[in-house]
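# Per-entry structural report
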Amino acid sequence: MSEGFTPGDWYVSELETTGQKSEFYIFIEPGVAVIERSVTGEHDMNDARLLAAAKELYTHAEALLADVMQRYGIAADGLTCPHMRGLAEAIAKARGTTC
C-alpha cells in the first residue's frame, strides 16, 4: 500500500471515548477518526463502515489495477475500459494526485 495512510486495522463503533453510545459522533478506532453525525444521522453508520473498509478497498484496488496493467502491458494513459479507468481515477483521488 502507498505511504501516507494511517495504519489499521479499522473498525466501526458507535461509542465515544468514555464507552457511552454517542448521539453526535461515530468514532473509528484506533487513530480515532470522528465523523460528526448529520442532523438526521440517516447515513452515518453506512459512511462509517465505508471508511472502516477504505484501507482494504484501496489496497486491493491498487493491486488489481497494477496486475491488470502488467498482465496486458497497459500504461495508465492507455486504460480504455471505463471501469479500470474509473478505478485508476479513484486511486489517484485517494492519493491526492491526478490520473
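Residues numbered from 1 in each chain as written. Predicted model: local features only at pLDDT ≥ 70, side-chain atom pairs only at ≥ 80, totals over all residues. Heavy atoms only, no water.

### Let's talk about the environment of M84
As a reminder of what qualifies: Here a strand is any run of E in DSSP of at least two residues, a helix any run of H or I of at least four, and the numbering for each starts at the N terminus. Between two residues, a contact is recorded if the distance between any of their heavy atoms is within 4.5 Å.
Mapping M84 onto the fold places it in helix α2 (residues 82-95). Sequence separation of M84 and L64 is 20 residues, and the distance between their C-alpha atoms is 9.4 Å. Other than its neighbours up to four places away in sequence, M84 contacts L65, V68 and L79.

### Some points on the pattern of salt bridges
Should their charged atoms come close, side chains of opposite charge can pair. Stated formally: Salt bridge criterion: a side-chain nitrogen from Lys or Arg within 4 Å of a carboxyl oxygen from Asp or Glu. Only protein chains enter the accessibility calculation, which uses a 1.4 Å probe. A residue is then buried if its area is under 20% of the maximum for its type, exposed if over 50%, and partly exposed in between.
As enumerated under the stated definition, the model contains 3 salt bridges in all. With a shortest N-O distance of 2.7 Å, E62 and R95 are connected by a salt bridge. Within this pair, whereas E62 is found in helix α1 (residues 44-72), its partner R95 is found in helix α2, the two being separated by 33 residues in sequence. Given the relative accessible area of 16%, E62 is considered buried. Classification of R95 by relative accessible area gives partly exposed; the value is 42%. Here R71 and D67 are joined by a salt bridge, their closest N and O atoms 3.3 Å apart.

### Description of the confidence of the model for the protein chain
Rules: The predictor reports its confidence for every residue as pLDDT, a score running from 0 up to 100.
On average, residues of the protein chain score 76 in pLDDT, and 58% of them are at 70 or above. Ranking the elements of the protein chain by mean pLDDT puts strand β2 (residues 25-29) last with 53 and α2 first with 92.

### Comments concerning α2
Selection rule: To estimate how far a helix should reach, multiply one less than its number of residues by 1.5 Å. Directions are taken from the helix axis to each C-beta atom, and the arc is the one they span.
Compared with the 20 Å implied by 1.5 Å per residue over 14 residues, the 20 Å span of α2 between its first and last C-alpha is a close match. Taken together, the buried positions of α2 are M84, L87, A88, I91 and A92. Buried residues of α2, viewed axially, fall in a sector of 135°; they line one side. Relative to its buried face, α2 has exposed residues pointing more than 90 degrees away, namely P82, H83 and K93.

### What about the nonpolar core?
Selection rule: Working definition of a nonpolar core: buried Ala, Val, Leu, Ile, Met, Phe, Trp, Tyr and Cys residues. They are joined through side-chain atoms within 4.5 Å.
Y58, A61, L65, V68, M69, L79, M84, L87, A88 and I91 form the largest nonpolar core, which has 10 residues in total. Elements represented by at least two residues in this core include exactly α1 and α2. Among the elements that take part in this core, α1 stands out by supplying 5 residues, more than any other. Residues within four places of L79 in sequence aside, it is in contact with L65, M69, I74, M84, R85 and A88.

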